[in-house]
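Residue-level structural notes
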Amino acid sequence: MNKSNEMSGAQVIGYGLGSLGKDFALGVMGSYLLLFYTDVFGIPAGAAGVIFLLTKIWDAINDPMMGAIADRSPVTKRGKYRPYILFTCVPLSICCVLCFLSPNFSTGGKVAYAAITYTLTGMIFTAYDVPLWSMVPSLTNNENTKNKLISAARTFTTIAMFLASAVAYSLIIKLGGGETTEHLRKGYPLFMTIVGIVSVLFALITYFSTKEVNVPETPPQEANVFKGFAKVMCKPLLLVLLAMVFCAFSMILPSVSGTFYMIYYLERPDMIGAYMGICMGLGIVTSILSPVLMKKVSARALAAAAFGVDIGAGIVIFAIGKSSLPALFVCFGLVGLATGMLMVTITTMLAQTAEYIAQKQGYRADGVCFSMNSFAIKVGQAIASAVVSFLLAATGYVANQAQTEEALRGILLSRSIIPAIVAALGLICVLCWNIQKKEGN
């Protein structure tokens, strides 16, 4: 079916809520899983870094496979992509809880448990996230409506990240009954259980409030899914995926390093909530405004400007050091605004690239294209966590202790210069992406 249609505001919001629940869980994992591994579960920082990196090697295989599976799925009365939302939401919530359990194993056993649960969670997240994004062209072929859907999903993602970073830790402490390691061992899984229940409810809202009316035909099938993926890979797709990796890195790194930065470098653990809230909360504003701005300015130009803000903010944060807390928080706010803008504009660029590939190939392969969205975000998250893990290990970080000057300098770099370098790489990718010159915005 190929029917141009507008969707109601309630349907757009219903679709967007599918991102709120699963990204709330993802946000908690991005912000606190490394801290949980090192300070609560008792895994060495270096081992945690290895876990984050090795799981992404499997994701490099798993995500394109999921995209191909989604594209090859038959069109049923429930649709082509919607059934995945229904059948994966509960297993995903369960796995997120398992990631924050603290079984009394040996160090090796703990590392193995963490690796297995984190990898399994990533796989099920892919089975949920790839079809969710692949649905967008199937829900409508109206470009304005597609932008609204992307904006709604990314706005709810930003809200989820804001809630996860700003209120999660205080609620974890409250549920656990205190801030000691034993209390946190209770608080983390209790909190994730609540998050899991909410995630399932939102997934069901998405499932029942959407209908696929522009479902693509199943594309020509390759016996080898990677050959099918290779067919759609092109320079614009590669550039936008790299930009998404750098965007995800820029989004997650302030959260991953932020807890260490506030506790050990600035010595203001009391302001973790304010820090996280500003870093993520202001992104809600730009996520909502992005569709309006993209009517006058291209997604590419807005993404380039946002990466530029990240570069400048990182340099200023490093230069300020500890000398001015208000100035630092202004920089954190600018990063938050840039993050919200990047999440919407780069996803829009990915959708435009998928349309370009469809015109070029003669068939749509939305699952394969959008599988790279899930992969890019997880890679960005994992690299951010791994970089912080390895930097902490290399500079002599010791959990729950006063840190050396070398360790403090490593923590500062992870919150300032490293994000600036990553943003510079993202800016290069965006500037080299040239579909708009050929197809228009």
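Structure: see above.
Description of the structure in this document. All of these numbers come straight from a predicted model, not from anything done at the bench. (Residues numbered from 1 in each chain as written. Predicted model: local features only at pLDDT ≥ 70, side-chain atom pairs only at ≥ 80, totals over all residues. Heavy atoms only, no water.)

Description of a nonpolar patch on the surface
Heads up, the condition is: Note that patches include only residues with greater than 30% relative accessible area and no salt bridge, and the join distances are 9 Å for like charges and 5 Å for nonpolar side chains (Val, Leu, Ile, Met, Phe, Trp, Tyr). Surface exposure here means Shrake-Rupley accessible area, sampled with a 1.4 Å probe, where a residue is shielded only by the protein chains that are shown. Here a salt bridge means any side-chain nitrogen of Lys or Arg lying within 4 Å of a carboxyl oxygen belonging to Asp or Glu. Secondary structure elements follow DSSP: runs of H or I of four or more residues count as helices, runs of E of two or more count as strands, with numbering from the N terminus. Here's how the labels work: a residue is buried when its accessible area is under 20% of the maximum for its type, exposed when over 50%, partly exposed in between, all with a 1.4 Å probe on protein chains only.
A surface patch of nonpolar side chains, about 430 Å² in accessible area, is lined by Val50, Leu53, Leu54, Ile57 and Phe390. For Ile57, the location among the structural elements is in helix α2 (residues 45–72). For Ile57, a relative accessible area of 54% corresponds to the exposed category.

Details of the pattern of salt bridges
When the charged atoms of two side chains lie near each other, side chains of opposite charge can form a pair. Tallied over the full model, the rule gives five salt bridges. For Lys22, the salt bridge is made with Asp129, and the minimal N-O distance between the two is 2.4 Å. Placement of the pair is Lys22 in helix α1 (residues 9–41) and Asp129 in helix α4 (residues 107–134), with a sequence separation of 107 residues. Asp129 sits in the buried class, given a relative accessible area of 1%. Of the charged contacts in the structure, one is a salt bridge between Arg185 and Glu182, with a shortest N-O distance of 2.3 Å. Of this pair, Arg185 and Glu182 both sit in helix α8 (residues 181–209), three residues apart, which is roughly one turn of the helix. Note on Arg185: relative accessible area 29%, which makes it partly exposed. One salt-bridge network, in which partners are shared between bridges, spans Lys22, Asp23 and Asp129.

Details of the packing of α1 against α4
Selection criterion: To obtain each axis, a line is fitted to C-alpha atoms, and for helices this fit is confined to the stretch in contact; angles are then taken between N-to-C directions over 0 to 180 degrees. Comment on the angle field: the value is read as roughly parallel under 35 degrees, roughly antiparallel over 145, roughly perpendicular from 65 to 115, and oblique elsewhere. Each helix crossing is assigned a hand: it is left-handed if the near helix lies turned anticlockwise from the far helix by less than a right angle, otherwise right-handed if that turn is clockwise. Any pair of residues with heavy atoms lying within 4.5 Å of one another is described as a contacting pair.
At a closest axis distance of 12 Å, the pairing of α1 and α4 adopts a crossing angle of 165°. Classified by the interaxial angle, the pair formed by α1 and α4 is roughly antiparallel. The crossing of α1 and α4 is left-handed. Within the contact between the two elements, α1 uses Tyr15, Gly18, Ser19, Lys22, Asp23, Leu26, Met29, Leu33, Tyr37 and Phe41 and α4 uses Lys110, Tyr113, Ala114, Tyr118, Thr121, Phe125, Tyr128, Asp129, Leu132 and Trp133.

Focus: the side chain of Ser290
Locating Ser290 in the fold gives a position in helix α12 (residues 283–293). Among the residues examined, Ser290 registers a relative accessible area of 0% and is labelled buried. In contact with Ser290, not counting residues within four places along its chain, are Gly340, Met341 and Val344.

So, the nonpolar core
If you look at soluble globular proteins, the nonpolar side chains tend to sit buried side by side. Basically, it comes down to this: Take the buried residues of types Ala, Val, Leu, Ile, Met, Phe, Trp, Tyr and Cys, join any two whose side-chain atoms come within 4.5 Å, and each joined set is a nonpolar core.
One finds Tyr37, Tyr188 and Tyr261 to be the most contacted residues of the largest nonpolar core, which totals 146 residues. Ranked by residues supplied to this core, first place goes to helix α10 (residues 235–265) with 20 residues. Residues in contact with Tyr37, not counting those within four places in the same chain, are Gly42, Ile43, Ala48, Phe52, Cys99, Ala114 and Tyr118.

Looking at the packing of aromatic side chains
Geometry of an aromatic ring pair is reported as the spacing of the ring centres plus the angle between the planes. Here is the rule: When the centres of two rings from Phe, Tyr and Trp lie within 6.5 Å, Trp using its six-membered ring, the rings pair. Their planes under 30 degrees apart give stacked, over 60 give edge-to-face, and anything left gives tilted.
Per the counting criterion, the structure on display carries 20 aromatic pairs. Ring centres of Phe260 and Tyr264 lie 6.5 Å apart, and the angle between their planes is 20°; this geometry places the pair in the stacked category. With Phe260 and Tyr264 both in helix α10 and four residues apart, the pair spans about one turn of that helix. When sorted by exposure, Phe260 lands in the same class as Tyr264, which is buried.

Some thoughts on unusual backbone geometry
Notably, Glu267 is not glycine yet its phi reads approximately 55°, a positive angle. Among the secondary structure elements, Glu267 is positioned in the loop between α10 and α11 (272–281).

Examining the environment of Gln361
By secondary structure assignment, the location of Gln361 is in helix α14 (residues 325–361). Taking the C-alpha atoms as reference points, Gln361 and Lys231, 130 residues apart in sequence, are found 8.5 Å from one another. Among residues more than four places away in sequence, those in contact with Gln361 are Lys231 and Val232.

A word on the environment of Ile311
For Ile311, the position within the fold is in helix α13 (residues 299–320). Sequence separation of Ile311 and Ser8 is 303 residues, and the distance between their C-alpha atoms is 38 Å. Here Ile311 is in contact with Ala420, Ala423, Ala424 and Leu427, once residues within four sequence places are set aside.

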